[in-house]
Amino acid sequence: MVPRKTYLLQVINAALNNQLFFKLANHNFTVVAVDAAYTDPYVTDVIVLAPGQTTDVLVKANQPLGSYYMAAHPYADTQPQIGFPNTTTRAVVVYDGASPSAAPIMPILPAFNDTPTAHKFYTNITALAGARHWVPVPRHVDKHMFVTFGLNLATCGLTNGSTCGGPNGQRLSASMNNVSFVIPNDAGLSMLEAYFHKVEGVYSRDFPDEPAVKFDYTNSSLRLDNSLIFAPKATKVKKLKFNSTVEIAFQNTAFIAKENHPLHLHGFNFHVLGQGFGNYDPIHDPKKFNFVNPQIRNTIAVPVGGWAVIRFQANNPGVWLMHCHLDVHLPWGLAMGFEVENGPTPSTRLPPPPSDLPKC
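Small disclaimer: the values here were computed from a predicted structure and weren't measured.

**Student:** Even after reading the chapter, I still don't get helix α1 (residues 115-124), so can you show me in this structure?
**Tutor:** At 3.6 residues per turn, the α-helix brings residues three or four places apart onto the same side. Turning to α1, its buried residues number three or more, namely Thr115, Ala118, His119, Phe121 and Tyr122. Buried residues in α1, looked at end-on, bunch into an arc of 165°, giving them a common side. Turned more than 90 degrees from where α1 packs its buried face, Pro116 and Lys120 sit exposed.

**Student:** Where do I start with the sheet that holds strand β14 (residues 244-252) in this structure?
**Tutor:** As a general point, the strands of a sheet are linked pairwise by backbone hydrogen bonds and lie either parallel or antiparallel. Strand order in the open sheet made by the six strands is β10-β9-β14-β19-β16-β17, with mixed pairing throughout. Because the sheet does not close on itself, it has two edges, and the strands there are β10 (171-176) and β17 (296-297). For strand β9 (residues 143-154) and β10, the ladder comprises six bridges, and the chain directions are antiparallel. Paired with Leu151 across the strands is Ala174, a residue of β10. Contacts between α1 and the sheet are confined to β16 (270-277) and β17, with β16 contributing the most and set at about 150° to the helix.

**Student:** What's the story with the nonpolar core in this structure? I'm lost.
**Tutor:** Most often, soluble globular proteins have nonpolar side chains that are buried together. Counting 36 residues, the largest nonpolar core has Met176, Ile248, Phe250, Leu263, Ile300, Phe312 and Phe338 as its most contacted members. Apart from residues no more than four positions distant in its own chain, Phe338 is found in contact with Met145, Val237, Lys238, Leu240, Ile248, Leu265, Phe312, Gly318, Val319, Trp320 and Met322.

**Student:** Would you take a moment to explain the pattern of salt bridges for this structure?
**Tutor:** Side-chain pairs of opposite charge can arise whenever the charged atoms involved come near each other. Per the stated rule, a full pass over the model turns up eleven salt bridges. Across the salt bridge formed by Lys236 and Asp206, the nearest N and O atoms sit 2.9 Å from each other. Taken together, the residues span a long stretch of sequence, with Lys236 in the loop between β12 (233-234) and β13 (237-240) and Asp206 in the loop between α2 (191-197) and β12 at a distance of 30 residues. Judged by relative accessible area, Asp206 falls into the partly exposed class, the value being 42%.

**Student:** Explanation requested: the environment of Thr163 in the structure shown.
**Tutor:** Following the sequence through the fold, Thr163 ends up in the loop between β9 and β10. The exposed category is assigned to Thr163, whose relative accessible area is 55%. On a C-alpha basis, the gap between Thr163 and Val213 in space is 29 Å, while along the polypeptide they are 50 residues apart.

**Student:** What should I look at first to understand the UniProt feature "domain: Plastocyanin-like" (unreviewed entry) in the protein chain in this one?
**Tutor:** Per the UniProt record, "domain: Plastocyanin-like" (unreviewed entry) is annotated on residues 1-98 and 207-342. Between the C-alpha atoms that bound residues 207-342 the distance is 19 Å, and the span itself is 3% helix and 41% strand.

Scoring rules and cut-offs
- Residues numbered from 1 in each chain as written.
- Predicted model: local features only at pLDDT ≥ 70, side-chain atom pairs only at ≥ 80, totals over all residues.
- Heavy atoms only, no water.
- Buried < 20%, exposed > 50% of the residue type's maximum accessible area, 1.4 Å probe, protein only.
- Helix = DSSP H or I, 4+ residues; strand = E, 2+ residues; numbered from the N terminus.
- Arc of directions from axis to C-beta.
- Pairing = 2+ DSSP bridges.
- Contact = heavy atoms within 4.5 Å.
- Axes fitted to C-alpha atoms, helices over the stretch in contact; angles between N-to-C directions.
- Core = buried A, V, L, I, M, F, W, Y, C linked by side-chain atoms within 4.5 Å.
- Salt bridge = Lys/Arg side-chain N within 4 Å of Asp/Glu carboxyl O.
- UniProt positions renumbered as here; feature names shortened; annotations may be inferred.

Below, the structure written as structure tokens:
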């Protein structure tokens, strides 16, 4: 780096199954965008990224001539701790004019399970209201949803004394609103093709607006409750009218293990109105919502044992997946879909597939 210059770093977490803390030794970052949406400038010495999330930061070369490590290692809050590679990735930033023999300075990264630091970063980001491409929060809501999610168990099905690797000898699974999503690989059509060609039977449109059973969602004593832990397998979506406004309250659960799950929505950006720990309180928590300059994202890291509320406008026709961005959780079933109706004009209707569309 050239002393006294300012650099823009565009950081993306390309990991499959780890959120990451990221630092540059002895330097501060000024966050100016997340998920390609401008933010109010926020100064911090550490950033946190879930898989697929992006963060743009400004860095001033204002330190003594020398070499400095930029480094990242996992933010892993699972309780009880599930194993992960205890490694740190790093690269060296060298100032022009620094001695070639200077040993790089290593930053002190947060502890792997430092949830307070992660939560402080995730909640201190606000949007740059009025900036290019900024969209104010829609105030009228057409569809309210309360979506619980987390890990589950499925019946093992193996015989001869074999086990499936999950607790109690069962198979690990996952769900949203007690529906464990199945990708329809056997249909011969993608969900989007089925939508366009009006083919029934590939998926159903009865994803529930709320869980069928209400319970103490973050109570760890229920983590292996056999009356709650098994979720049926299905391919379900929620049908939405074009241009309708949807508000979703995400509720993390304590099944198997409390964990911060990054939820990603295809096809849309959304406003993050609020987030916190424990069970979502529909009476008191909305009083703390940010309607002025909430961060705009496409992936929200829902706090461990907590909740988050998002709002988006369904103005993109087609079938769109919403799922956990920890890669291992998607095939287990931590996903659902939205079917958004076509709009009234040619530009708001789904175009036909190209003639060379690869077949499933």
